[in-house]
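Spelled out from the first residue to the last, the chains are:
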Amino acid sequence: MAHDPDPAMMAAPEALARFLETRNEAMLWSVFSDSDDVTILENFPPHLFRGRAGVSRWRELMAEHVGKLEQLRHAFGPAQDYGETEDQAFFTLPTAWTGLRDGMPFTEHGGWSFLMAREEQGWRIRAYAWAVTSFT
């Protein structure tokens, strides 16, 4: 059994991060599970987004949220707490975000926990939670 997410499993988190950097919604195609119980926990209101309607609302609010930022870039650290079953995988990615807010540079560190689902189209995000650990 693997001890880290493989490139196919990392494709969805990478595409999600690229959406945040570019606000290109085409990046989100096939990122989230087809399941009706997709769950997102974020650090902006309303914080909890569930189901297809929740993902749609998250997309709208996230585009607005990152639209206030410039030069946004991410860097993932090595995956932590990896576990995989037949059709699911869980891992946490230490993540650093850098960019400009109101013309001022910032760095945000956090942890991004993912529950991935193996579907016909490949590994897709069934749930994620973001937690900021520092902001400068």
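Residues numbered from 1 in each chain as written. Predicted model: local features only at pLDDT ≥ 70, side-chain atom pairs only at ≥ 80, totals over all residues. Heavy atoms only, no water.

Engineer: Residues and numbers for the overall build of the protein chain, please.
Structural biologist: Helices and strands together make up the secondary structure of the protein chain, namely two helices and seven strands. Written out in order from the N terminus, the α and β elements of the protein chain read α-β-β-α-β-β-β-β-β. The C-alpha radius of gyration of the protein chain comes to 14 Å, within 12% of the 14 Å expected for a compact globule of 136 residues. Projecting the C-alpha coordinates of the protein chain onto the three principal axes gives extents of approximately 45 × 30 × 25 Å. (Helix = DSSP H or I, 4+ residues; strand = E, 2+ residues; numbered from the N terminus. Rg over C-alpha atoms; globule rule 2.2 N^0.38 Å.)

Engineer: If you had to explain helix H2 (residues 51–66) to someone new, which residues and values would you point to?
Structural biologist: With 16 residues, H2 extends 22 Å between its outermost C-alpha atoms, agreeing within 8% with the 22 Å of an ideal straight helix rising 1.5 Å per residue. Residues of H2 that are buried include every one of Gly-51, Gly-54, Val-55, Trp-58, Leu-61, Met-62 and Val-66, and no others. Seen end-on, H2 carries its buried residues on one side only, within an arc spanning 135 degrees. Facing away from the buried surface of H2 by more than 90 degrees, the exposed residues are Arg-52 and Ala-53. (Expected span 1.5 Å × (residues − 1). Buried < 20%, exposed > 50% of the residue type's maximum accessible area, 1.4 Å probe, protein only. Arc of directions from axis to C-beta.)

Engineer: Give a description of the packing of aromatic side chains that names residues and reports values.
Structural biologist: Overall, the coordinates contain 13 aromatic pairs when judged by the stated rule. Aromatic ring contacts, followed pair by pair, group Phe-19, Phe-32, Trp-58, Phe-76, Tyr-82, Phe-91, Trp-97, Trp-112, Phe-114, Tyr-128 and Trp-130 into a single cluster. A cation sits over an aromatic face here: Arg-101 above Phe-106, 5.8 Å from the ring centre. (Phe/Tyr/Trp six-rings, centres within 6.5 Å; stacked < 30°, edge-to-face > 60°. Lys NZ or Arg CZ within 6 Å of the ring centre and 35° of its normal.)

Engineer: For the side chain of Ser-113, give the residues involved together with the corresponding values.
Structural biologist: You can see Ser-113 is positioned in strand E6 (residues 104–119). What Ser-113 contacts, discounting residues up to four positions off in sequence, is Phe-90, Phe-91, Thr-92, Ala-127, Tyr-128 and Ala-129. (Contact = heavy atoms within 4.5 Å.)

Engineer: Please give an account of the side chain of Glu-119 that cites residues and values.
Structural biologist: Locating Glu-119 in the fold gives a position in strand E6. A relative accessible area of 18% places Glu-119 in the buried class. Residues contacting Glu-119, with those up to four places away along its chain left out, are Ser-33, Asp-34, Ser-35 and Arg-124.

Engineer: Let's hear about empty space enclosed by the protein: which residues, and what values?
Structural biologist: Scanning the entire structure with this criterion turns up one cavity of 30 Å³ or more. Space inside the largest cavity adds up to approximately 200 Å³. The wall of the largest cavity is formed by 15 residues, among which His-65, Val-66, Trp-97, Glu-108 and Trp-130 lie closest to the centre. Of all the elements in the fold, those that place two or more residues in the lining of the largest cavity are H2, strand E3 (69–76), strand E5 (88–101), E6 and strand E7 (122–135). Residue classes in the lining of the largest cavity are distributed as 10 nonpolar, two polar and three charged. (1 Å grid on protein atoms, 1.4 Å probe; cavity = no way out; pocket = protein on both sides within 12 Å on 5 of 7 lines; lining within 4 Å. Points joined across faces, edges and corners; volume = space filled by probe spheres on them. Nonpolar A, V, L, I, M, F, W, Y, C, P; charged D, E, K, R; others polar.)

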